[in-house]
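Examining the three-dimensional arrangement
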Amino acid sequence: DTGVSQNPRHKITKRGQNVTFRCDPISEHNRLYWYRQTLGQGPEFLTYFQNEAQLEKSRLLSDRFSAERPKGSFSTLEIQRTEQGDSAMYLCASSFRQSSYNSPLHFGNGTRLTVT
Amino acid sequence: AQRVTQPEKLLSVFKGAPVELKCNYSYSGSPELFWYVQYSRQRLQLLLRHISRESIKGFTADLNKGETSFHLKKPFAQEEDSAMYYCALSGPGQAGTALIFGKGTTLSVSS
């Protein structure tokens, strides 16, 4: 499967613990996005990277959240001191951007986080 | 503020009936509009984008700038069209902003 890969698929953690998710984008894609989706809502934008540079962060991304894409390939999203409100599906997507062309976003299957 | 509104949470139709999933947007400029679909147990995937002006799986969507709408239509629904549909927008070309999604509409097609 050459699509966007996310690990783990499911994560159950206790409140206050730290968690880290990984996303491997489609190899030729230079943009990588993180979204969060809760029940009954559409995906909500968190942040995105172009290569290794983090270009935009949503106000949803509190200081407990940090994302990295150190080599411009895979990305990690870490949540520190998890809260029950962090329970959601975390989606990663990638795309290719060059000049004024933006390819559509390709999504992964997501990581479902449950904070108990 | 950028916003996408999908007024219907659920749309139930019979097989062979026409389908229209509504999408209205708010954007100060000329956005790019998309429809994404999520079938049961599958990942979110692109259905169509307005700049392509194409029909995918019998679905079409026309961007109406005057009404700021991008409704998704299909003349004859099939059971396999049952899925969650999301309308989304992004800034055009150079703006390259991230996609903003609506809350989604569940389409249920029954025989």
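All of these numbers come straight from a predicted model, not from anything done at the bench.

Residue and element names in this part refer to chain B. In strand 2 (residues 10–14), alternate side chains face the same way, and those of L11 and V13 are buried while those of L10, S12 and F14 on the opposite face are not. Where strand 2 meets strand 11 (residues 105–110), five bridges bridge the pair, whose relative direction is parallel. Paired with L11 across the bridge in strand 11 is L107.

Okay, unusual backbone geometry next. Note that the residue after A:N7, namely A:P8, is joined by a cis bond; omega there is -10°. Within the secondary structure, A:P8 sits in the loop between strand 1 (5–7) and strand 2 (10–13). In this structure, B:T68 is a non-glycine residue whose phi angle is positive, near 45°. On the secondary structure map, B:T68 appears in the loop between strand 7 (60–61) and strand 8 (72–74).

This brings us to the state of the cysteines. One pass over the structure, following the stated rule, counts two disulfides over all chains. Covalently, A:C23 is tied to A:C92 through a disulfide, its sulfur atoms 1.9 Å apart. Sign of the S-S torsion, about -70° for the bond between A:C23 and A:C92, identifies this disulfide as left-handed. Of the two residues, A:C23 is situated in strand 3 (residues 19–24) and A:C92 in strand 9 (residues 88–95); the sequence distance between them amounts to 69 residues. Residue A:C23 is classed as buried on the basis of its relative accessible area, which comes to 0%. Its relative accessible area of 0% is what places A:C92 among the buried residues. Between the sulfur of B:C23 and that of B:C87 lies a disulfide, 2.0 Å long from S to S. Torsion about the S-S bond of the B:C23 and B:C87 cystine: about -65°, corresponding to left-handed handedness.

Calculation criteria
Residues numbered from 1 in each chain as written. Chains lettered and ligands numbered in written order. Predicted model: local features only at pLDDT ≥ 70, side-chain atom pairs only at ≥ 80, totals over all residues. Heavy atoms only, no water. Buried < 20%, exposed > 50% of the residue type's maximum accessible area, 1.4 Å probe, protein only. Helix = DSSP H or I, 4+ residues; strand = E, 2+ residues; numbered from the N terminus. Pairing = 2+ DSSP bridges. Disulfide = S-S within 2.5 Å.

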